[in-house]
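# Coordinate analysis (summary)
As a plain string of letters, each chain reads:
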Amino acid sequence: VQLQASGGGLVQAGDSLRLPCATSGHTFNNYGMGWFRQTPGKSREFVAAVKWSSGITLYEDSLKGRFTISRDKAKNTVYLQMNSLKPEDTAVYYCALGRNLIHSSYYSSSNYLYWGQGTLVTVSS
């Protein structure tokens, strides 16, 4: 199973950025995709997730309204649209795939088995 995240870069506060994560190498039926982020010295923080079959989305409360997760089933790609970016959004963003997740388990990085390599987002003030 491979996850390839991309789209990171250096942006200014207030800008938008969209991160795609393409997946390949699996034929799982019941799974979800999540986005997490991490800054130096901190654990990975849940950002958003989507239940692949239904499209139901979950968000970290503080990011609702600015971040949107979506998926393209035909392309096996999940996206994270980030708007009104702030310097505190600076982090390495990771996409992940978890199997047979229930609602509450989407929020914990330990429930995801497969991870992308991460893409760095830097927001300057």
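Quantities reported herein were computed from a predicted structural model and do not represent experimental measurements.

## What about the pairing of strand β5 (residues 45–51)?
- Burial analysis of β5 places 5 of its 7 residues in the buried class, the great majority of the element.
- In terms of strand pairing, strand β4 (residues 31–38) meets β5 through 6 bridges, oriented antiparallel. Counted as the bridge partner of Gly 34 is Ala 49 from β5.
- Counting the residues in the hairpin turn of β4 and β5 gives 6 residues, including Gly 41, whose phi is positive at 85 degrees.
- The pairing of β5 with strand β6 (residues 57–59) spans 3 bridges and is classified as antiparallel. Considered in β6, the bridge of Ala 49 is made with Leu 58.
- Where β5 folds back on β6, the antiparallel hairpin that results is connected by 5 residues, among which Gly 55 adopts a positive phi of roughly 80 degrees.

## Comments concerning the pattern of salt bridges
- Counted according to the given criterion, the structure contains 4 salt bridges.
- One salt bridge in this structure joins Arg 37 and Asp 89, with 2.9 Å as the shortest N-O distance. Taken together, the residues Arg 37 in strand β4 and Asp 89 in the loop between β8 (77–82) and β9 (91–99) connect sequence positions 52 residues apart. Pair check on accessibility: Arg 37 and Asp 89 agree, each one buried.
- Linking Arg 66 and Asp 89 is a salt bridge whose minimum nitrogen-to-oxygen distance equals 2.8 Å. Residue Arg 66 is found in the loop between β6 and β7 (67–72), and its partner Asp 89 is found in the loop between β8 and β9; the two are separated by 23 residues along the sequence. The pair Arg 66 / Asp 89 is uniform in exposure class, with both members buried.
- Because the salt bridges share partners, they merge into one network encompassing Arg 37, Glu 45, Arg 66 and Asp 89.

What counts and how
Residues numbered from 1 in each chain as written. Predicted model: local features only at pLDDT ≥ 70, side-chain atom pairs only at ≥ 80, totals over all residues. Heavy atoms only, no water. Buried < 20%, exposed > 50% of the residue type's maximum accessible area, 1.4 Å probe, protein only. Helix = DSSP H or I, 4+ residues; strand = E, 2+ residues; numbered from the N terminus. Pairing = 2+ DSSP bridges. Salt bridge = Lys/Arg side-chain N within 4 Å of Asp/Glu carboxyl O.

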